[in-house]
Each structure stands twice: as structure tokens, then as C-alpha cells.
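# Observations on the model geometry
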Amino acid sequence: MSSFLWGCITDFFTYETTKSVVVKSWSVGIINRIVQLLIIAYFVGWVFIHEKAYQVTDTGIESSVMTKVKGFGYHNGHVMDVADYVFPQQGAAVFCIMTKLIITENQFQGKCAESVKTFSCNKDEDCHNHFGAILSNGVITGVCLKSSNESKGQCEIDGWCPAENDSVKTTPMLDVNNFTIFIKNSIRFPLFDVTRGNFPSTMKAEDIKRCTYHPETNPFCPIFRVGDVLNYTGQTVAGLADKGGEIGINIEWKCNLDLNIENCVPRYSFTRLDAPFAKNAVSKGYNFRFAKYFKTENGTEFRTLHKAYAIRFDVMVTGNAGKFDTIPTLINLVAAFTSVGLGTVLCDVILLNFLKGAEQYKAKKFEEVSEAQIEASLAQSPVSQLSLKGGMKSSYDSGAISLATSDQPI
């Protein structure tokens, strides 16, 4: 037991130093240089050129978006302008263009028959099953209302009457196709205190009025035709006008501040955000309700209820900016130089495990030297080297050992 403990102690208090062994082998040498070349190509091509790892990056982009819609259309025989079909009217980054409207006029507070077929009944007890229902147009009272000549009726509700009937067929406003959207976007990268706008400062008002965005011929025009935006997403007004939909307009800023600031320009992309639900039977499209309230001469309040189907537009801003900095450059250079050593590790694995003469290579690479061996060697010849066989070349200034091909058959 004591000898075991003594062995552990002596093994712990040892020192390991690197020993260089030069292996003159074409196959191992080629593998080593190929691995080093691949590592250097990765760092130069991907890390430094593509990923620009020599730059410090600001991803905390600050953005402001303002929108305006222009155009006229017909719906149910009425001319619709911006105040009629855009919600909300403040010109925010998220807005809707109404394509179809179902109107229920002159609704007063009271009791009346529910219009939804789900709430049909034969007797009052049938309506008791719907107490607390949230899909009705009002609070279910538990009374079954029937016409005098019908055997089946509808449950009574307490709320705004008459109840809305949203199954009414109406033609959507297809003029939306020619409406235009003006987008004004300003951004700032706080780390570099750089601000930019989505159209050139040299662009005049006349230029903006005459231009229409096109990804190739006019990529910096801030005027977007609705029909074109839908086409970029693979959609049409005819396909979205009846049930509505959600469209995303993404403004991407990728700025290399080592170059001219004028090269920091936006790139637009378009997508349908509700695409996963486009074929669903439930909650398809996009719609919402709003009401306009009035009072009669005697002060009784009534309202006109609107159910609007609309195309919703979400203007999203993303981006980052980069600029040269010494700290990330030095960090990645150190990582590159360190990674080049992986070639040596791979070649050692091959030499020690897969090629002929692996045992001979191990014997020359790993050597144990004790103090007794050193003292004995010095006593014999002060200038002799330890464990060197005849014919083995050595370098007195580097401590390297060279294995010739004849010494190591591979």
C-alpha cells in the first residue's frame, strides 16, 4: 500500500516537455498541409470575409415607421376613400386596408332572436343549454322565440338588436389592387451614432410622386403598389379580398460602416404572415368589428355595427451595422493561429494508430527521463544526449529529432 502511495506521489511531481520529432513521410506531410490549408481558407473566407469577424457589430437598431395609403374604390355602390377603408388612420407601422364590409344598421339595446343557426330551438329548455355562451351576439335569456307559423325558432338574446347576420353575401372592393402605400422609415445605430432614411435625401417631391417601387429598376422608391406587394408574396387581391389576410413588409438594413455611408441602404422583402392558416376552415383570413354610435331625438342610443374584412400590413424593420475594431480582430487572429495546430493533432492520431511503425513512432515521441539517468549520462560523457541511437539526426539548438524514411517504414 505504501509503495502504491509513493508511486502516486512521484507520478504527480513530474514534468512534461514537448519533444519535436520530424517525420519524413509524403503521406503524413500532405495530410498535414491540406488540413492547415483548409483551416486557413475557412478563417480567411468564412470568418473574416463573409462573417466580417474583424468588426464590432451593433444589432440594437432603433426605428420609426410612418405610412400613408392613397386610392379610391367602390363598395356597395359607395365611393370609398382613405378615411373609409384604412384602420387605424394614424399611419402606423401596422395598418389595415378594408376590402369588404358587412353593415348592421340601427341596433338598439333590447331583446331579440339570435341570428346564428347554432342557437336554433324547439322549446325553452333547448336554450338553457346555451347559458353563458360567448359565441352568441348577446346574453342568452333561455327563451325560445318562434314565429306563429314555424315549429322551430331561435333563442332569445339580451343585447344589441337586431342581431348581426354576417352570412350576407357582398362583393369585395377589388380596387385595392391599384392603391399605393407610402412608407417613411428612419433608423439609427446607437453604438456608432449613425442615422439613415429609406429614400435618398436628394429625392425630390416630384420624384416620389412619379415613382413606384420595383426591386430591380427602382429599389429605393418608397411608394408601393398594393397589387405588386401581393404579387411578390405569390398572392392576389381577388384571393385575399373576400376573407382578408396578413402581409409582412420587411425593411432590412445591413450596413458595413468601413465603406461609404451612402452604401448603407435598405432592402425590402415581402411575405404572407398568415400562410400557415390560409387553408384552415377555422379562423381563415383577417377581420374585425367596430361600431358608430348615435342618439335619437329623445336621447336613446343606437349604433351601426361594421364587420370589416381587411388585408393587414405589418412593416417590420431589422438590421445590423459593423465597423472595424482591433479587439475582435485580434481575438479571431489568435483563434486562427491556434486552430492551425489541429493539423498536427490529426497527424499524430494517424501516426500513433493507423500507419506502420506506430510503435516505433511512440517510442521516439514519448520518453521518460529520470534524475538517475541524467546523472549516469553526465558521468559517462558531459556532451552526450539521452536516448539517441546511432544514425539518428538531432539539432543541438532546437532539440528536434528527425526520423528518416529508413528509420520509420510507413
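As a reminder, the structure under discussion sits directly above these lines.
A short tour of the structure in this document, coming up. (Residues numbered from 1 in each chain as written. Predicted model: local features only at pLDDT ≥ 70, side-chain atom pairs only at ≥ 80, totals over all residues. Heavy atoms only, no water.)

## Observations concerning the layout of surface pockets
- Its volume calculated, the second largest pocket comes out at about 480 Å³.
- Asp166, Lys243, Asn287, Lys307 and Tyr309 are, among the 18 residues lining the second largest pocket, the residues nearest its centre.
- Mapped onto the lining of the second largest pocket, the elements with two or more residues apiece are strand S7 (94-113) and strand S17 (301-324).
- Of the residues in the lining of the second largest pocket, the class split is six nonpolar, five polar and seven charged. (1 Å grid on protein atoms, 1.4 Å probe; cavity = no way out; pocket = protein on both sides within 12 Å on 5 of 7 lines; lining within 4 Å. Points joined across faces, edges and corners; volume = space filled by probe spheres on them. Helix = DSSP H or I, 4+ residues; strand = E, 2+ residues; numbered from the N terminus. Nonpolar A, V, L, I, M, F, W, Y, C, P; charged D, E, K, R; others polar.)

## Some details on the packing of helix H2 (residues 26-50) against helix H8 (residues 326-340)
- Two numbers describe how H2 lies on H8: the axes approach to 9 Å, and their chain directions differ by 160°. Between H2 and H8, the angle is such that the two are roughly antiparallel. As for how H2 packs across H8, the hand of that crossing is right-handed. For the pair H2 and H8, the contacting residues are Gln36, Ile39, Ile40, Phe43, Val47 and Phe48 in the first and Thr329, Asn332, Leu333, Ala335, Ala336, Ser339 and Val340 in the second.
- Here the residues of the contact of H2 with H8 are counted per class, giving nine nonpolar, four polar and no charged. (Axes fitted to C-alpha atoms, helices over the stretch in contact; angles between N-to-C directions. Parallel < 35°, antiparallel > 145°, perpendicular 65-115°, else oblique. Left-handed = near helix turned anticlockwise from the far one by under 90°. Contact = heavy atoms within 4.5 Å.)

## What to know about the state of the cysteines
- Within this structure, the stated rule accounts for five disulfides.
- Each sulfur in the disulfide pair Cys127 and Cys155 lies 2.2 Å from the other. The chirality of the disulfide connecting Cys127 with Cys155 is left-handed, given an S-S dihedral of about -100°. One end of the pair, Cys127, is in helix H4 (residues 124-128); the other, Cys155, is in strand S10 (residues 153-161), and 28 residues separate them in sequence.
- Judged by relative accessible area, Cys155 falls into the buried class, the value being 0%.
- Here Cys211 pairs with Cys221 through a disulfide, and the sulfurs are 2.0 Å apart. Its torsion about the S-S bond being 75°, the disulfide of Cys211 and Cys221 is classed as right-handed. Note that Cys211 is positioned in the loop between helix H5 (205-210) and strand S13 (223-225) and Cys221 in the loop between H5 and S13, a separation of 10 residues in sequence. Here Cys211 matches Cys221 in class, with each residue buried. (Disulfide = S-S within 2.5 Å. Buried < 20%, exposed > 50% of the residue type's maximum accessible area, 1.4 Å probe, protein only.)

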